[in-house]
Amino acid sequence: MTISAAYLFYALPLLLMFYFMNQRRRRLEKSSAATWTEAQDTGMTQPASLHPVIDPARCIGCESCVHACPEFPAHQVLGIIRNKATLVSPTDCIGHGACKTVCPVDAITLVFGTAERGVDIPQVNPDFSTNIPGIYIAGELGGMGLIKNAISQGRQAMSGIAGYIGKQQRKGPDLVDVCIIGAGPAGIAATLGAIEQKLSYVTIEQNKLGGTVANFPRGKLVMTAPAELPLVGKVHFKETSKEKLVSFWNELERREKMQVHYNERLQKVERCAEDQLHVVTDRGEYRTRALLLAIGRRGTPRKLGVPGEERSKVAYTFTDPRQYENCAVLIVGGGDSAIEAACSIAEECNADVSLSYRSQAFTRAKAKNRQRLAKLESDGRIRVLLESTVTAIDEKSVLLKQRDDPVEIVNDRIIVCAGGILPDAMLKEMGIQVEAKYGTA
């Protein structure tokens, strides 16, 4: 073999490899630019919670963060634009943090809020304690909504609580070591941790086991990752249905004899002694040495505040579309949860479905949900009432105002998807310090 032939023999595969890698890179940059342009055009540029900020001076455009994101390839959250990593679909970011872990040059910082929109986050120490002795926060309320992170924080917070109360002397038979508010992922992990640490506890949940996850629509896939639960060890759910995850938690509740007070809502927390707290709920009172707030950021649904809203046909959660078979249903709201509820009912049931939203367009919803809704509306399966608000709810109808015109539609059921009320007032009453984060860690 001549020198030129040998050179060609070895160089050609490398040239072909470089060509195909370059073509793939160009396709990635093209799709990234298209995703970012769509996000800007639709106003979907504000992340909901924890999200990455990329330092372009450090970024080498290696794509590690793009592929590490657990939403990829179903959703392109991170992309490459002009050879730099970019958060191209901010509203799809779930705050996993895998992008920061894999970055080889430490170009990624995880932050809350943006310069345009701040996020109020309680100040929490590394052991999850607050500025108020004996009060701890874990999970979504502290800004970590991902199931894996919430479980980890619930477990770690209980370890911190065990260390805190271990320095005290138990006083009185009616005094519990810890009161846990919330039985979502963080609350479940904390309750198991209390059992493991042999602490006396009371766990209070205003709804049912699983918290917000239990109220997800039927069949919804939930993203998680291997997580460690006290008394259980590592669990290896990667992507599973809401039903399977809740069933797993129910089995844990039976097996470990978890004691949870359901349908009980926290009302007030006061200090009754130097090392004791007085917890008041709508069903009882408790004295505790420590309190763990493992609640969601929007656990109390926002109501419409109109006459007739107290009727039993009004609901604030959506779980199973089949219960609306042969009903005239009105969904109120313009976010993803409202659109997903309306579309699911229209697709799976014989139902008369209407969707009311106060704005001119669904700017807060993901593109795939807007497209799904537009198709069902064009097929005549959903009636969309933009620039409309509910004014009154009667037994067999609902009254709305659309622009300046009154509208009355026949109605059997109403689902209100208007978000929830942040527990800022409750935290302020307790004296817990809250900081507005504008794109800071």
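Data block above holds the structure.
> How should I be thinking about the pattern of salt bridges in this particular structure?
Side-chain pairing between opposite charges can occur once the charged atoms of the two side chains come close. All told, the structure shown has 15 salt bridges when counted by the stated rule. Note that aspartate 174 and arginine 287 form a salt bridge whose closest N and O atoms lie 2.5 Å from each other. In this pair, aspartate 174 is assigned in the loop between helix 4 (147-165) and strand 7 (175-181) and arginine 287 in strand 16 (residues 285-293), connecting sequence segments 113 residues apart. What makes arginine 287 partly exposed here is its relative accessible area of 23%. Put simply, arginine 322 and aspartate 320 hold a salt bridge, and the shortest N to O gap is 3.0 Å. Through salt bridges with shared partners, a single network forms among Arg24, Arg25, Glu29 and Glu63.

> It is not clear to me how helix 8 (residues 367-378) should be interpreted in this structure. Could you clarify?
At 3.6 residues per turn, the α-helix brings residues three or four places apart onto the same side. When the terminal C-alpha atoms of helix 8 are compared, their 16 Å separation across 12 residues agrees well with the 16 Å that a helix rising 1.5 Å per residue should span. Along helix 8, the residues classified as buried are Ala367, Asn369, Leu373 and Leu376. Just beyond helix 8, the residue with positive phi is glycine 380, at close to 80°.

> Even after reading the chapter, I still don't get the pairing of strand 19 (residues 328-332), so can you show me in this structure?
On a regular strand, each side chain points to the face opposite its neighbour's, so the side chains alternate between the two faces of the sheet. Taking burial as the measure, the five residues of strand 19 include five buried ones, the bulk of the element. The two faces of strand 19 match: Ala328, Leu330 and Val332 on one face and Val329 and Ile331 on the other face are all buried. Two elements, strand 19 and strand 20 (residues 352-357), share five bridges in a ladder whose sense is parallel. Paired with alanine 328 across the strands is aspartate 352, a residue of strand 20. Bridging between strand 19 and strand 25 (residues 413-416) involves four bridges; their strand directions are parallel. Looking across to strand 25, one finds that leucine 330 is bridged to isoleucine 414.

> Is there a simple way to explain helix 7 (residues 336-348) in this structure?
Between its first and last C-alpha atoms helix 7 spans 18 Å; for 13 residues at 1.5 Å apiece the expected length is 18 Å, and the two agree. Those residues of helix 7 hidden inside the fold are in contact with strand 19, strand 20, helix 8, strand 21 (382-386) and strand 25.

> Honestly, the nonpolar core in this entry has me stumped. Any pointers?
Soluble globular proteins: nonpolar side chains tend toward being buried together. Judged by nonpolar contacts, the single largest core of 38 residues is most densely connected at Met158, Ile161, Val178 and Leu292. Discounting residues that sit within four places of it in the chain, leucine 292 has contacts with Tyr136, Ile137, Ala138, Ala157, Met158, Ile161, Val178, Cys179, Ile180, Ile181 and Ala190. Counting residues in hydrophobic clusters, the runner-up holds 25 residues, among them Ala338, Cys343, Ala346 and Leu355.

> When you look at the side chain of serine 129 in this model, what are you seeing that I'm missing?
With respect to the secondary-structure elements, serine 129 resides in the loop between strand 5 (119-122) and strand 6 (135-137). A polar side-chain atom of serine 129 sits 2.6 Å from a polar atom in the side chain of aspartate 127. Aside from chain neighbours lying at most four places away, what touches serine 129 is Gln123, Val124, Ile135 and Tyr136.

> Looking at this structure, how should I read the sheet that holds strand 18 (residues 314-315)?
Each strand in a sheet pairs with another by means of backbone hydrogen bonds, the pair being arranged parallel or else antiparallel. On the basis of which strands lie adjacent, the open sheet formed by five strands has the order 18-25-19-20-21 and parallel pairing. Each end of this open sheet is capped by a strand with a single partner; those strands are strand 18 and strand 21. Its contacts with the sheet put helix 8 on strand 20 and strand 21, and the angle it makes with strand 21 is roughly 115°.

> What am I meant to see in the packing of helix 4 against helix 5 (residues 185-196) here?
For any two helices packed against each other, one specifies the crossing angle of their axes together with the interaxial distance. Axis separation between helix 4 and helix 5 bottoms out at 7 Å; the angle between their running directions is 30°. Between helix 4 and helix 5, the angle is such that the two are roughly parallel. Helix 5 is crossed by helix 4, and the crossing has right-handed handedness. From helix 4, Ile147, Ala150, Ile151, Gly154, Arg155 and Met158 reach across to helix 5, where they touch Pro185, Ala186, Ala189, Ala190, Gly193 and Ala194.

> Any chance you could explain the environment of tyrosine 136 here in plain terms?
Inspection of the secondary structure assignment puts tyrosine 136 in strand 6. The class for tyrosine 136 is buried, based on a relative accessible area of 3%. In this structure the C-alpha to C-alpha distance between tyrosine 136 and methionine 158, which are 22 residues apart in sequence, comes to 8.9 Å. Ignoring anything within four residues of it in the chain, the contact list for tyrosine 136 reads Asp127, Phe128, Ser129, Thr130, Ala157, Gly160, Ile161, Tyr164, Leu291, Leu292 and Leu293.

> Sorry, what's going on with the pairing of strand 8 (residues 201-205) here?
Burial of strand 8 is extensive: five of the five residues sit out of reach of the surface. What you see with strand 8 is no split at all: Tyr201, Thr203 and Glu205 on one side and Val202 and Ile204 on the other are buried throughout. In this sheet, strand 8 lies alongside strand 7 in parallel orientation, the contact comprising four bridges. Note on strand 8: the bridge partner recorded for valine 178 is tyrosine 201. Crossover strand 7 to strand 8 through helix 5 is right-handed. Note: strand 8 against strand 13 (residues 260-262), three bridges, orientation parallel. Residue pairing in the sheet places isoleucine 204 in a bridge with histidine 261 of strand 13.

Conventions adopted
- Residues numbered from 1 in each chain as written.
- Predicted model: local features only at pLDDT ≥ 70, side-chain atom pairs only at ≥ 80, totals over all residues.
- Heavy atoms only, no water.
- Salt bridge = Lys/Arg side-chain N within 4 Å of Asp/Glu carboxyl O.
- Helix = DSSP H or I, 4+ residues; strand = E, 2+ residues; numbered from the N terminus.
- Buried < 20%, exposed > 50% of the residue type's maximum accessible area, 1.4 Å probe, protein only.
- Expected span 1.5 Å × (residues − 1).
- Pairing = 2+ DSSP bridges.
- Contact = heavy atoms within 4.5 Å.
- Core = buried A, V, L, I, M, F, W, Y, C linked by side-chain atoms within 4.5 Å.
- Polar contact = N/O pair within 3.5 Å; in protein donor to acceptor, adjacent residues only side chain to side chain.
- Axes fitted to C-alpha atoms, helices over the stretch in contact; angles between N-to-C directions.
- Parallel < 35°, antiparallel > 145°, perpendicular 65-115°, else oblique.
- Left-handed = near helix turned anticlockwise from the far one by under 90°.
- Right-handed = clockwise from strand over helix to strand, strands pointing away.

Function-wise, these values are silent; they only describe arrangement.
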